[in-house]
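Each chain is listed here by its residues.
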Amino acid sequence: MSVPSVPPNSAKIMEAVQQALRGLDVGSTEAVRILSWANSETPAIYDRDQTAYLVLGSYRDPYLRRVRAVSDRLNRRYGTYAFLIGDLSDIDLPRLPEFRVKFHITATLSDYVAAVFEQDAGGEINELGKLGETEYFEKAYALPRAYQWETEDHLSDERDVLAAGAQLMAATDIDDESKAAELEVLVDRANQTGIDISVDEVTTTLEEDAFEVPSYSWVHLNDFRLFELHGRCYPWTTEDELLEATDDLPGSPRPEWEQ
């Protein structure tokens, strides 16, 4: 009976598994299956001759199409391997939370993580929480649809302030009193950049005009702002803007002849 091959970084892989399972004991059969799977599915990820990108996002239509568009765009670069967890085979771990295992293994082995967000519900939002609270944050980039910049560096005119205010008002999981307090903070940021606008002006304009904004939760807006403060948040509205943002991600650029 042949013994399954073990990948050269098996210790690192099993360390990622332990992190995924919070120290839960892994049976010998499960360990063999995990290492056999890693030996088959992950060599392209940790190959040092190329840059590996784990691309996260919703697997539902129409969102999946845009997640794949980001992956395809990255794969046009020389020496880049971009992939989705869903494209990897199953490990066959009936007892264990398999997605968590695959997420932590692939995030550990990848050079970068690019996460596309379009809504305040779905699996990709859970992934946002994982990225913000783990060591993967240092290699991660957030691409949220229609997120309005909120820090001073990105508030350039009154329209920016109104859009950020509309986003704040549409946020879930935050009461009216907290929204009012945050709106004052936003206006203060705007005033510090030289934009002459008041809380009353923002409130009145938002009541009169309709601003189309996603209803992200307050928790998610805070995570996006964290990425923004670290210079790793790339908002977009159209698919063309999403692809332009993808081109700004680190790693090898697209070939000159294609550009």
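Refer to the preceding data block for the structure.
Below is a short write-up of the structure.

So, how was this worked out
- Numbering of residues begins from 1 in every chain and follows the order in which that chain's sequence is written.
- Predicted model: local features are reported for residues with pLDDT of at least 70 only, side-chain atom pairs are reported and counted for 80 or more only, and whole-chain, interface and lining totals are derived from all residues.
- Working from all heavy atoms in the structure, the side-chain values ignore hydrogens and water.
- Comment: elements are numbered from the N terminus, with helices defined as DSSP H or I runs of at least four residues and strands as E runs of at least two.
- Throughout, exposure labels follow a simple rule: accessible area from a 1.4 Å probe, protein chains only, divided by the maximum for the residue type, with under 20% read as buried, over 50% as exposed, and the rest as partly exposed.
- We call two strands paired when DSSP finds no fewer than two bridges between them.
- We call a crossover right-handed when, viewed with both strands directed away from the observer, the connection leading from the first strand over the helix to the second proceeds clockwise.
- Expected helix span is computed as 1.5 Å times (number of residues minus one).
- Contacts: residue pairs with any heavy atoms within 4.5 Å of one another.
- Only centres within 6.5 Å qualify two rings of Phe, Tyr or Trp (six-membered ring in Trp) as a pair; their planes then separate them into stacked at under 30 degrees, edge-to-face at over 60, and tilted for everything else.
- Placement of a positive charge over a ring is assigned whenever Lys NZ or Arg CZ falls within 6 Å of the ring centre and within 35 degrees of the normal to the ring plane.

1. Thoughts on unusual backbone geometry
Next, step 1: Put simply, aspartate 61 and proline 62 share a cis peptide bond, and its omega is 0°.
Next, step 2: Relative to the helices and strands, proline 62 resides in the loop between β1 (51–56) and α4 (63–75).
Next, step 3: Of note in this structure, arginine 22 is not a glycine but carries a positive phi near 55°.
Next, step 4: With respect to the helices and strands, the residue arginine 22 is situated in the loop between α1 (10–20) and α2 (28–41).
Next, step 5: The class of arginine 22 is exposed, set by a relative accessible area of 71%.

2. Notes on the pairing of β1
Next, step 1: Within β1, six of the six residues are buried, leaving the element largely enclosed by the surrounding structure.
Next, step 2: Where β1 and strand β2 (residues 80–83) come together, four bridges link them in parallel fashion. Residue pairing across strands places tyrosine 53 opposite alanine 82, the latter belonging to β2.
Next, step 3: In this fold, the crossover linking β1 to β2 by way of α4 has right-handed handedness.
Next, step 4: Across four bridges, the pairing between β1 and strand β3 (residues 112–117) is parallel. The residue bridging valine 55 from the neighbouring strand is alanine 114, located in β3.

3. Structural notes on α4
Next, step 1: Under the 1.5 Å per step criterion, the end-to-end length of α4 is 19 Å for 13 residues, consistent within 8% with the ideal 18 Å.
Next, step 2: Turning to α4, its buried residues number three or more, namely Leu64, Arg66, Val67, Ala69, Val70, Ser71, Arg73 and Leu74.
Next, step 3: Each element contacted by the buried residues of α4 is listed here: β1, β2, β3 and α11 (239–247).

4. Comments concerning the packing of aromatic side chains
Two descriptors summarise a pair of aromatic rings, namely the distance from one centre to the other and the angle between the planes of the rings.
Next, step 1: This structure, assessed with the given rule, holds 10 aromatic pairs.
Next, step 2: With 5.1 Å between their ring centres and 25° between their planes, tyrosine 53 and tyrosine 112 make a pair best called stacked. Pair noted here: tyrosine 53 is in strand β1 and tyrosine 112 is in strand β3, with a separation of 59 residues, a long-range link.
Next, step 3: Accessibility expressed as a relative area gives 0% for tyrosine 53, which makes it buried.
Next, step 4: With centroids separated by 6.2 Å and ring planes inclined at 65°, the aromatic side chains of tyrosine 112 and tyrosine 141 adopt a geometry described as edge-to-face. Placement of tyrosine 112 in strand β3 and of tyrosine 141 in strand β4 (residues 140–144) is noted, with a sequence separation of 29 residues between them.
Next, step 5: On the accessibility criterion, tyrosine 112 (24% relative accessible area) is partly exposed.
Next, step 6: Chaining the aromatic ring pairs together yields one cluster made of Tyr53, Tyr112, Tyr141 and Tyr234.
Next, step 7: The aromatic ring of phenylalanine 137 is capped on one face by arginine 232, whose charged end is 4.4 Å from the ring centroid.
Next, step 8: When the ring centre of tyrosine 141 is taken as origin, the NZ or CZ atom of arginine 232, which lies over that ring, is 5.9 Å away.

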